Amino acid sequence: MDVDTRLAEDWVRAIAAAVEREHERLTELDSAIGDGDHGSNLRRGFAAVLAALDSPDPAPDSPDSPDSPAGPAPDGGPGALLTRTGSTLISKVGGASGPLYGKAFRAIGAALPPPGRPGADAAGLGEALAAGLRAVRDLGRAAPGDKTVVDAWTPALDAYREAVAAGAGLPEATAAAAGGAERGALDTVPLQARKGRASYLGPRSVGHQDPGAASTALLFRALAEATAARAAARGGS
Ligand code: ADP
Ligand code: MG
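What counts, and where the lines are drawn
Residues numbered from 1 in each chain as written. Chains lettered and ligands numbered in written order. Predicted model: local features only at pLDDT ≥ 70, side-chain atom pairs only at ≥ 80, totals over all residues. Heavy atoms only, no water. Axes fitted to C-alpha atoms, helices over the stretch in contact; angles between N-to-C directions. Helix = DSSP H or I, 4+ residues; strand = E, 2+ residues; numbered from the N terminus. Contact = heavy atoms within 4.5 Å. Nonpolar A, V, L, I, M, F, W, Y, C, P; charged D, E, K, R; others polar. Phe/Tyr/Trp six-rings, centres within 6.5 Å; stacked < 30°, edge-to-face > 60°. Buried < 20%, exposed > 50% of the residue type's maximum accessible area, 1.4 Å probe, protein only. Parallel < 35°, antiparallel > 145°, perpendicular 65-115°, else oblique. Left-handed = near helix turned anticlockwise from the far one by under 90°. Lys, Arg positive; Asp, Glu negative; His and termini not counted. Salt bridge = Lys/Arg side-chain N within 4 Å of Asp/Glu carboxyl O. Polar contact = N/O pair within 3.5 Å; in protein donor to acceptor, adjacent residues only side chain to side chain.

A.B. asks: Mind laying out the packing of helix α6 (residues 150-165) against helix α8 (residues 211-233), listing which residues take part and the relevant values?
C.D. replies: Running from amino to carboxyl end, α6 crosses α8 at an angle of 35°, the nearest separation of the two axes being 7 Å. Facing A152, W153 and A156 of α6, the residues of α8 in contact are A213, T216 and F220. Residue classes in the contact of α6 with α8 are distributed as five nonpolar, one polar and no charged.

Here you go:
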């Protein structure tokens, strides 16, 4: 199997559903060491992403007119869909997480093959997920251990790559990544925050899970679920 537009869309919809289910927990985590808006930030962002998925892509040189056709965006491939997701997050989410996740999705989208070329296989998606992490690190300047998104994304990518090196296809590799992200998020509990709002608390940030690492775990679990469902629908991996 490869990464097709349907899988990209299912991933984004699965994230939106997970955020809808878990926004209160994310906000509670952010209330402990931040300003209590992480759940609502992502909820607003992914609601806008879903709205954009259900509306046609604005044509670059013809402003929306009353008779422009309604309906889903034309198929520009999984890369275009994820790039658009990132742009929507950047424009709709004010907190630190909007630009960070927004740039990450734009980088993932840009790293996937364009329409007309074979879709990304497991190794190709690994490269795209690595580009996403690079984008987060370029913008936020956080290193592993700083108690941020990076602390879930890094072990997710390590586990993904290890699985691919051992011969895993997309379903197994994304499941490994989800496990890595979940472990990484839990491992932020004893860390002291060195980036973002939580760093203002100094040692008082110790003993709490980082909200952004927790939402990154949701993002990777959603990818694993969407990939498993897609593999089942396509009759195997
Ligand atoms: P804000 O902190 O502006 O209120 P959110 O609450 O939406 O934004 O997001 C907070 C999360 O953003 C943190 O838990 C952390 O994981 C992540 N974060 C903040 N700063 C950085 C950074 N420089 N690099 C990576 N992630 C960061
Ligand atoms: Mg916040």
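A.B. asks: Hey, could you go over the packing of aromatic side chains for me, with residue numbers and the actual values?
C.D. replies: Counted according to the given criterion, the structure contains three aromatic pairs. Between W11 and F105 the ring centres are 5.3 Å apart and the planes differ by 50°, which places this aromatic pair in the tilted class. Taken together, the positions of W11 in helix α1 (residues 5-33) and F105 in helix α4 (residues 97-111) put the pair 94 residues apart, joining distant regions of the chain. For the residue pair W11 and F105, the accessibility class agrees, reading buried in each case.

A.B. asks: Pulling in residues and values, what's your account of the packing of helix α5 (residues 122-140) against α6?
C.D. replies: In contact at an axis separation of 10 Å, α5 and α6 are set at 160° when each is read in the N-to-C sense. The orientation of α5 with respect to α6, classified from their angle, is roughly antiparallel. Read as a crossing pair, α5 and α6 show a hand that is left-handed. Side by side, α5 and α6 meet where A122, A123, L125, G126, L129, A130, G132, L133, V136 and R137 of the first sit next to V150, W153, T154, L157, Y160, R161 and V164 of the second.

A.B. asks: Account for the side chain of D151, naming residues and giving values.
C.D. replies: Mapped onto the elements of the fold, D151 is located in helix α6. We note that D151 is buried and unpaired, the nearest opposite charge coming from R194 at a distance of 7.4 Å. In terms of polar contacts, D151 uses its side chain to reach the backbone amide nitrogen of G145, at 2.5 Å. Of the polar contacts made by the side chain of D151, one reaches the backbone nitrogen of K147; its length is 2.7 Å. In this structure, D151 is in contact with A143, P144, G145, D146, G184, A185, T188 and L191, ignoring residues within four places of it in sequence.

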